[in-house]
Each structure stands twice: as structure tokens, then as C-alpha cells.
Amino acid sequence: MATWRVHLVGLTLLTALLLSGCGNTPTAAPPVSSEVGTGTLEFRANGEDFVRQGFVTSDGWAISFDHLYVTPANLTAYQSDPPFDADAGGMPQAAVQVSLEKPTTVDLAAGDAQADPILVGAVEAAAGRYNALAWELVRAADGPADGAVILMEGRAAKDDVMLPFRISLDGERAYVCGDFVGDERKGILQAGETADLEATFHFDHLFGDGSAPPDADINRGALGFEPFAALAQDGMVDVDMSALQAGLSAEDYAKLTEMHLAHVGEGHCQNTSES
Amino acid sequence: MPGAKSIRWYYLLPLLLLPALALAAPVTAHGSNISYTIGPAVALVAQFDNGEPMAGAQVTIYAPDDPVNPWMTGTCDAEGRFTFMPDPDRPGNWEVQVRQSGHGDIVVIPVGAGMATAAGMGEGVARYAPVMQPVGGVGGYTPLQLLVMGASVVWGCVGTALFFINRK
């Protein structure tokens, strides 16, 4: 019996050690350094022109959004050295990092067609180069998107059909990304000044892009809008994850749940919630 | 050997978790890949994840001492290739951003001080990083993961040996 106990303890310890290696939990943030001065670091969320201006899906539906709610949480900016490569995996190695922990629901469709990316929040941060960003997408605890991780409300039109839609997506996610890729540099914070970082969402990955060829990479992996339109009742698409699981084909539902919307500008992120 | 029979199989169970460790490797989405080689100049090759070249992609290069203003801009050729010679008097991390069709990536190329000499760039080759290394350990695994994987292999060998010893 005693031998069994020894073996059981050994087995348990080894299993625990193995499992402990699977996590990618960010480390606690060190204190903000005052030696280099501080500035204001803004965290922003951006649905890009696809959300602000609408677009035509890969299957020909003209989509416009009235509201598109997401709830980022635990946004963490890193001064990563060496620079972080999301494709290589792991987590940023940073002596300086700052976080905006509180979940904040924002509407990516707010403002006009030329509106700036949506401000999620700002923190005082040590001056320096913030070249990596991690964040979580969590379920809204209250407000218009209560209970949803992503809530899309708008209209879709094709030929002589117009369908209002309200699509509520579930499934919390966590992402880690490298430097922002785009027309401008982000995250370069000078003492006494303001810089921003951006969590970018590519909804064309979900619906496809009618301006791209049908066999383009962006459209091969997209659902389009037709599978959602097929779930319309009484002239409206009003679905949550349960309805989507019941109504979509297994292939389309798998695509939906595996959809990777998170970017930093055009740079890609690693979905750490799948690790 | 008292207790040897009870070692037969269950000490091998942790080995079943090794595939799970493999699954714990980072999950990456679609996107683009930029590789480079170092010779007399830096030669980049930019491809989408499916292997297609990023033909005509926009290239923006930032020098180490000015990460805001581009040091050079250009476009990839039809094969997704782009070549440039960094200023050897500006050592540090040269950043190269490549973008096309809503996809993009940045690679960071460390360049050592005093790379250029009268003999040309060749003498500075060793001061370049020849390939990008994953952050946080070998192959993207943390040191703890590597340690546990090594311990599991050793443990598995011991268990296997005990299993066959016990059968005799």
C-alpha cells in the first residue's frame, strides 16, 4: 500500500509538472519606471472601414453595422526585448509592461465613416517603445451586449432583400501580438506625451470580401453572409451561439468558432486561449 | 524486487501527455512569412502562409535610431523578393515591414557595429543574425516545458526498463 502511495504521488507530481508547462500566463507588471519619465498610453480598438463604412461580403451581401460590441480586458502593452514575433510563439520578454485590466465594452461602429479607432482606456506608462500587445475578449457583464463576447447589429441587403441582423457570438479569447503593422508606427511613447496601441478586428475574415477574387485566401476561409441569412425568421436574423450551432452546417459552425479576427493593424496575433 | 509489478504501466501514463505538449505549441492564424538571408546585402523573401509570394508588396524599412520615419521604401518583385543594404554606421535592430492585401508582418534584423569595412559587407556577415529565433526558449517552448519533456523521456525509459525486467 505504501508503495502505491509513493507511486501515486510521483505520478501526480509529474502530471502536474507537465500540465504546468502548457500555460502562457503573462507575468505581473513591474512598477512604472520614473527614470525615463512617463506619458499616456492609450489602448484602442478598431473594426476598420469594414465596420465603419460597411462592405460587400464574399457572397454578395451589402453589410452595414449599426453597432458592433466587443469587450476587451486585460490589455497589456510590452516593451519587448527582443522584439516579439507572434508567429514564433511564447510570450513577450519585457522589463516594462503596463495593463488596463478592467473589461470595457466598446462599439466598434460608433462614430461616422471616418471616425478614429475607439478608445478603450488609457494608462500612465513609462516612456519607451511598446512593441507587443496582449488582450482578452470577454463576455460583456452588462449593457446592450450583456452576455455576448461579440454582438453585431446591422442590416444586410442583396437584390431586393433586406435583412436586419443581430448576431451574438460566444467564446472568450486571449491574444498576444507583436508590433503594429500599418501606415503608421504605434506604441512609441515619449515622456509627457501620448501614444496609442491598437487591437484591430478583421471582420472580412468572417464574412469575406466581395472586392477580392472568390478564390482569394480571405474568401476561402470566410463564411459569407448566406449561412446567416438562411437562419432568418420573420424577416430578421436574430441568432446566438445556440441557434447558430443548431442552424449552421457543422463545417460552417466550426469555421465560425475557429475564426481568427484579432490583429494589430495588419499584423497577426497568436490565439493563446487555444494553447 | 518488491513492488515492481505495480510499476508496470502507470508510470508510463505521463508519456501520453507528450502529444498534448505538442498541441500546446502556439496556434497561429493565416498570414504572411518573411525570411531573410545575409550576404553582401540583406535579401528578403515574403510569402503568404499558403506559400504564394507577396508579389508587389510594400516594403518599409526603419533604421535602428529612427523607428518612426522610414529609412527606405520599395516593393517586392514578382517572387516576393526585396534586397537592401543597411547603413553599417547605424547598428542595432533594423525593422522591415512588408504589407500586401491587408496582410503584413515585421521582421527585425540586428546589425552589428562597424559591419562595413574597406573589404565590403562580407566581413560583417557574422554579426548578423542568420535566422529569426523564437522567443522564450528552443522551438518556442519554455525552459520549464523543455525540462519536463526531458524528464518525461527519462522517466519513460526507466518505466520501460522496469517493465521488461519484471517480465523476466
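Residues numbered from 1 in each chain as written. Chains lettered and ligands numbered in written order. Predicted model: local features only at pLDDT ≥ 70, side-chain atom pairs only at ≥ 80, totals over all residues. Heavy atoms only, no water.

J.: How should the overall build of chain A be read in this particular structure?
T.: Secondary structure summary: chain A contains seven helices and 17 strands in total. Here chain A holds 275 residues, and 53% of them are scored as buried. Relative to all contacts within chain A whose residues are 6 or more apart in sequence, the contacts with residues 24 or more apart total 75%. Counting every atom, chain A has about 11,900 Å² of accessible surface; 50% of that belongs to carbon and sulfur. (Helix = DSSP H or I, 4+ residues; strand = E, 2+ residues; numbered from the N terminus. Buried < 20%, exposed > 50% of the residue type's maximum accessible area, 1.4 Å probe, protein only. Contact = heavy atoms within 4.5 Å. Areas by Shrake-Rupley, 256 points an atom, 1.4 Å probe, with all protein chains shown as cover.)

J.: I'm lost on the overall build of chain B in this one. Help?
T.: Secondary structure summary: chain B contains two helices and seven strands in total. Listing every helix and strand of chain B by position from the N terminus yields α-β-β-β-β-β-β-β-α. Taking all 168 residues of chain B together, 36% fall into the buried category. Total accessible area on chain B stands at roughly 8,600 Å², and carbon and sulfur atoms take up 64% of it.

J.: Could you clarify how one ought to interpret the confidence of the model for chain A in this entry?
T.: The predicted structure's coordinates, where accompanied by low pLDDT, should not be read in detail. When pLDDT is averaged along chain A, the result is 90, and 87% of the positions lie at 70 or above. Residue range residues 16–31 of chain A is modelled with pLDDT below 50. Its contacts to residues more than four positions away, or to other chains, number 24 contacts. (pLDDT = per-residue confidence, 0-100.)

J.: Looking at this structure, how should I read the packing of aromatic side chains?
T.: On inspection of all chains with the given rule, the structure shows 16 aromatic pairs over all chains. Seen in terms of ring centroids, F207 of chain A and F225 of chain A are 6.1 Å apart; in terms of plane orientation they differ by 45°. Their pairing is tilted. Note that F207 of chain A is positioned in helix α3 (residues 204–207) and F225 of chain A in the loop between α4 (217–220) and α5 (226–229), a separation of 18 residues in sequence. Residue F207 of chain A is classed as buried on the basis of its relative accessible area, which comes to 0%. F225 of chain A gets classed as buried once you look at its relative accessible area, which sits at 0%. Each residue in the set F50, F55, W61, F65, W135, F165, Y175, F201, F203, F207, F225 and F228 of chain A is aromatic and connected to the rest through ring pairs, giving one cluster. In this arrangement the basic side chain of R185 of chain A is found over the ring face of Y62 of chain B, its NZ or CZ atom lying 4.0 Å from the centre. (Phe/Tyr/Trp six-rings, centres within 6.5 Å; stacked < 30°, edge-to-face > 60°. Lys NZ or Arg CZ within 6 Å of the ring centre and 35° of its normal.)

J.: Help me understand the side chain of R44 of chain A, please; the structure alone is not making it clear to me.
T.: Along the chain, R44 of chain A falls in strand β1 (residues 38–46). Dropping the residues within four chain positions of it, R44 of chain A is found in contact with P117, I118, L119, V120, D196, L197, E198 and A199 of chain A.

J.: Looking at this structure, I do not really get the state of the cysteines. What am I missing?
T.: Put plainly, two cysteines are in a disulfide when a covalent bond ties their sulfur atoms together. All names here are of chain A. All chains considered together, the criterion is met by one disulfide over all chains. For C177, the disulfide goes to C269, at an S-S distance of 2.2 Å. Residues C177 and C269 are joined by a disulfide whose S-S torsion is about 100°; by sign, that bridge is right-handed. With C177 in strand β12 (residues 173–177) and C269 in strand β17 (residues 267–271), this residue pair connects regions lying 92 residues apart in the sequence. Comparing C177 with C269 shows no difference in burial state: the two are buried. (Disulfide = S-S within 2.5 Å.)

J.: Help me out: how do you make sense of unusual backbone geometry in this one?
T.: Glycine aside, negative phi is the norm for most residues, and most peptide bonds take the trans geometry. All names here are of chain A. Note the cis peptide between D81 and P82, where omega equals 10°. Locating P82 in the fold gives a position in the loop between β4 (72–80) and β5 (94–100). A positive phi angle, near 55°, is found at D159, a position not held by glycine.

J.: Honestly, the side chain of T76 of chain A in this entry has me stumped. Any pointers?
T.: Residue and element names in this part refer to chain A. With respect to the helices and strands, T76 occurs in strand β4. Among the polar contacts made by the side chain of T76, one reaches the side chain of S99 at a distance of 2.9 Å. For T76, the contacting residues outside a window of four places in its chain are F43, Q97, V98, S99, A132, L133 and A134. (Polar contact = N/O pair within 3.5 Å; in protein donor to acceptor, adjacent residues only side chain to side chain.)

J.: Even after reading the chapter, I still don't get the pattern of salt bridges, so can you show me in this structure?
T.: Oppositely charged side chains are able to pair whenever their charged atoms sit close together. A complete count under the given rule lists 19 salt bridges over all chains for this structure. The salt bridge partner of D196 of chain A is K186 of chain A, with a shortest N-O separation of 3.1 Å. With D196 of chain A in strand β14 (residues 194–201) and K186 of chain A in the loop between β12 and β13 (188–189), this pair connects stretches of sequence that are ten residues apart. The buried category is assigned to D196 of chain A, whose relative accessible area is 16%. Between R99 of chain B and E266 of chain A there is a salt bridge, with the nearest N and O atoms lying 2.9 Å from each other. (Salt bridge = Lys/Arg side-chain N within 4 Å of Asp/Glu carboxyl O.)

J.: Looking at this structure, how should I read the sheet that holds β12 of chain A?
T.: Strands in a sheet are paired, the pairing made by backbone hydrogen bonds, and the direction either parallel or antiparallel. Residues and elements named next belong to chain A. The sheet built from nine strands is open, its strands ordered β5-β4-β9-β12-β17-β16-β14-β1-β7 with mixed pairing. On the outer flanks of this sheet lie β5 and β7 (118–126), each paired with one strand and no other. Neighbouring strand axes in the sheet, compared pairwise and without regard to direction, differ in orientation by 25° on average. Note: β4 against β5, six bridges, orientation antiparallel. Paired with T76 across the two strands is S99, which belongs to β5. (Pairing = 2+ DSSP bridges. Axes fitted to C-alpha atoms, helices over the stretch in contact; angles between N-to-C directions.)

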